[in-house]
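# Residue-level structure breakdown
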Amino acid sequence: MIRVAVVDDHPVIAAGLLAALADLGDFAVAGVASTIAGAVALVDTARPDVILCDIHLGPERGLDLPPRLTPPPPPIIFFTSYDYPSYVRAALDGGVAGYVLKSAPLGEVAAAIRTVAEGGTAYASRHLRNARTAPRIPSGRELEVISRVARGSSNSEIGVALKIDERTVESHLRRLFDRYSTDSRTELSTYCVRQGWIDLNSMETGEDKA
Amino acid sequence: MESMEEAVSGKKQDDSVCRYRVSTQSARHVGANLRRRLRAAALPLCCVAFLSSAAIALALPPNPIPKLGGIVVDDSSGVVISVDPASGAWDMGVRAGWYRVAEVEGMTDYSDGSQVRVVADHYYSPQSGIDLLLTSPFIVLGLAGLLAAARQRRTGLTIAVGSATMASWIWVGHLGVIGQAMAVLPIGLASGLPLQFGSQLRIGPWRSRSIPARARAAMAGVAVISAVGVAAVAVAWGLLFGVAVGVLFYTALAWLIVVRWRVVSVATGQGSHSRLAIARAVAFDMLPYSDRVRRRGAQAERDRLASDLHAEVLPAIATAAAALEQKGQSEEAERLRELASSVRDLVSDRRLPILSDFGLVSAAEWLAESLQARANLDIEIDLDGDNGDRRPPAVEAAAYRVMQLALDNVMRHARATSAQVAIAGDAQSLVLTISDDGLGIDAAASVRAVRGGHLGLKDMRTEAEAVGATIEIGPGSPRGTVVVLGWHG
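Residues numbered from 1 in each chain as written. Chains lettered and ligands numbered in written order. Predicted model: local features only at pLDDT ≥ 70, side-chain atom pairs only at ≥ 80, totals over all residues.

### Things to note about the interface of chain A and chain B
Our working rule: We call two residues in contact when their backbone-placed C-beta atoms lie within 7 Å. Think of it this way: any DSSP run of H or I at least four residues long counts as a helix, any run of E at least two long counts as a strand, and we number them from the N terminus.
Across the contact, 24 residues belong to chain A and 28 residues belong to chain B. For the side of chain A that touches chain B, the elements supplying multiple residues, two or more each, are helix H3 (65–68), helix H9 (166–179) and helix H10 (185–194) of chain A. If you tally residues by element for the side of chain A that touches chain B, the top one is H9(A), at nine residues.

### Some remarks on the pairing of strand E3 (residues 50–53) of chain A
Each regular strand displays side chains that alternate between the two surfaces of the sheet. Residue and element names in this part refer to chain A. Here is the rule we go by: With C-beta atoms placed from the backbone, the exposure class of a residue follows from how many other C-beta atoms lie within 10 Å of its own: 20 or more, buried; 12 or fewer, exposed; in between, partly exposed. Being paired, for any two strands, means DSSP has found at least two bridges between them.
Of the two faces of E3, the one carrying Val50 and Leu52 and the one carrying Ile51 and Cys53 are both buried. Of the pairings in the sheet, the one linking strand E1 (residues 2–7) to E3 comprises four bridges and is parallel in character. Its bridge partner being in E3, Val7 is matched across the sheet by Cys53. Where E3 and strand E6 (residues 76–80) come together, three bridges link them in parallel fashion. Counterpart to Ile51 in the pairing with E6 is Ile76.

### Digging into the nonpolar core
Soluble globular proteins tend to pack their nonpolar side chains together in the buried interior. The test is simple: Think of a nonpolar core as buried Ala, Val, Leu, Ile, Met, Phe, Trp, Tyr and Cys residues chained together by C-beta atoms that fall within 7 Å.
Judged by nonpolar contacts, the single largest core of 45 residues is most densely connected at A:Val4, A:Val7, A:Cys53, A:Ile77 and A:Ile113. For this core, the element with the most residues is helix H5 (residues 106–117) of chain A, which contributes five residues. Sequence-distant contacts of A:Ile77, that is, excluding residues within four places in its chain, are made with A:Val50, A:Leu52, A:Ala97, A:Gly98, A:Val100, A:Ala112, A:Ile113, A:Val116 and A:Ala122. Counting 42 residues, the second largest nonpolar core, distinct from the first, contains B:Ile379, B:Val395, B:Met411 and B:Ala414.

### Brief notes about the confidence of the model for chain B
All names here are of chain B. Rule in force here: Per-residue confidence from the predictor is reported as pLDDT, which spans 0 to 100.
Confidence along chain B averages 64 in pLDDT terms, with 35% of residues attaining 70 or more. Here residues 61–81 is a poorly scored stretch, pLDDT under 50, and it has 58 contacts once near neighbours within four places are set aside; other chains count. Counting contacts from residues 118–128, a segment whose pLDDT is below 50, to residues more than four positions away or on other chains yields 26 contacts. Prediction confidence for the complex, expressed as pTM and ipTM, is 0.48 and 0.73 respectively.

### Side note on helix H13 (residues 393–414) of chain B
Heads up, the condition is: Expected helix span is computed as 1.5 Å times (number of residues minus one).
The end-to-end C-alpha separation of H13(B) is 30 Å, in line with the 32 Å expected for 22 residues at 1.5 Å each. Just past H13(B), the residue B:Arg415 takes up positive phi, approximately 55 degrees.

### Remarks on unusual backbone geometry
Residues B:Ser477 and B:Pro478 are joined by a peptide bond in cis, for which omega reads 5 degrees. Assignment of secondary structure puts B:Pro478 in the loop between strand E9 (470–475) and strand E10 (481–488). The phi angle at A:Arg47 is positive, at roughly 40 degrees, despite the residue not being glycine. In this fold, A:Arg47 is placed in the loop between helix H2 (36–46) and E3. A:Arg47 sits in the exposed class, given 11 other C-beta atoms within 10 Å. In this structure, A:Lys163 takes a positive phi of about 60 degrees despite not being glycine. Mapped onto the fold, A:Lys163 is located in the loop between helix H8 (155–162) and H9. Classification of A:Lys163 by C-beta neighbours within 10 Å gives exposed; the count is 9.

### Some points on helix H1 (residues 11–24) of chain A
Residue and element names in this part refer to chain A. Operational definition: Here the arc refers to the set of directions running from the helix axis out to each C-beta atom.
When the terminal C-alpha atoms of H1 are compared, their 20 Å separation across 14 residues agrees well with the 20 Å that a helix rising 1.5 Å per residue should span. Those residues of H1 not exposed but buried are Ala14, Leu17, Leu18 and Leu21. Burial along H1 is one-sided: seen end-on, the buried residues are contained in an arc of 95 degrees. Across H1 from its buried face, at more than 90 degrees, point the exposed residues Val12, Ala19 and Asp23. Where H1 is buried, its residues touch E1, strand E2 (27–33) and H5. Two residues or fewer after H1 comes Gly25, characterised by a positive phi angle close to 100 degrees.

What follows is the structure, given as structure tokens:
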């Protein structure tokens, strides 16, 4: 039996996935968490064999989970709807064992769990191919800056909103421009939208994220 | 005087041979004869001199621009710039640290990472036709004066006026405003001559053989007015020239900004921008980050040097050390390895152009970017409370080194997901704080014990104390480690 823990901020998805896996016979439920802190506690107590973790956990990012776990952590699979190379790269950089899309059939998910439980890795070759050249994901603070840039805020407005100096905002932008080889605020914004880092539709409600 | 000269001139054709024979009879006649022969030769000599100097003037490059020794490049909008690969100067404005690094298939790579297409490798010389047009009245006047003086048999004056006029004509385009005003003198003189000796030319109203004093005075007046007029035209032209230069300068400056922007756009392969869009981008977006391009160039140069050293010098030293070892000279081999290690330190750590050229903030940004690219760690830079001043180089170097050691610890031992570098203060003070959200100093120390590394705490302290700064290393809140460097000038 492989004991599986699911970290997802949508409880129905977590429950449905675990139920479906339990039906397959060789999986057991180790627990469910919806936050990073909850996941850390769950892993410490239940010691699952494999963790399936969503990348988008409300305000938190699943990418932050692996380094927070007490070593040695069990293998982690990112189970997400984000089909973007930069997230795959972040998973690889973070030593994550697998990357499976939520759109994948159940059999594929089960196969991935079995593979990583035996010490293997589960990445689609298409994902690996693109991940090599994928850009680095901006940090949480950088994303806050970018989403305000995309909304047309000036540096001083961003500084006020994030309670930082304008010079710090400029520093963030200098590094972002350099890192992504962009030359204007508009270019940077569209680049980040294309990469799936900021969501134009949720931008109106983006205030509460910051 | 005119009538006497006229009489001599009239007889010349008939009895010159006879006179020559007679003049051999006495020394007095020899001198007079020589003068006469010189006078006879003056006109053809002057014509030859005039034509040959005109030929020389035409053969010369019309306006030898101070040679930049560079190339002429052109971006997609057709703007021409000449660039000096040695000094990085454009034909207007200076771009320090910007030079050609490679040339492939008609594209030239520059050290700032931009690429431009090389269109031609000759110089753009904008005047020549215009020069000739502007100076042609002076040429005509000079020529007329020359002819008049020659017919007057005034050899010395003819040659002097002729050569001065030609010198003016040849050089007027090359002189500054003051030089052009000076050049007006011989030109004015030359323009006065045909009027002064107009009677000999038998043109216009001066047909009569003897000219009344009133008419002569009128002629002199006309000559003076003409000279003054020419001078006025030259001065006005000089003013016009000055205004034109000013306008051109500002236009060129604006264009250079736009062109640079375009070059950068081409280099990064990001779409095409309309000129208006570029101008707006320059005005609203680019200016705060204007030294970014230069910085990229400096860093590219540093990276190139480092990779050369790593690829060529260090392996060569290692090979030499191995060879010495085989010969049993292990002491020398060890010395060589120490040399290699100090070279590596120099390249990778201390002599950072980005630090010396652009300061601690830029160096911190660069360090954060390069560390981030290698590790799964977000490094944030916080400039709240920093006014952007530069500190003494030694202080900046020590601060950078401490930052480097502290971040190295974070990456190796702390298991942190994020780190923060805060720089605050002014030219006389610096508070550098490096914090992380990792295991904390005690746990990191135990990890270190397992891995057999060292935390570099002593190195940090040494660096700080060398410049009179204090350093504190302690646990962070709620977790992680905090390193604080404090300095007061």
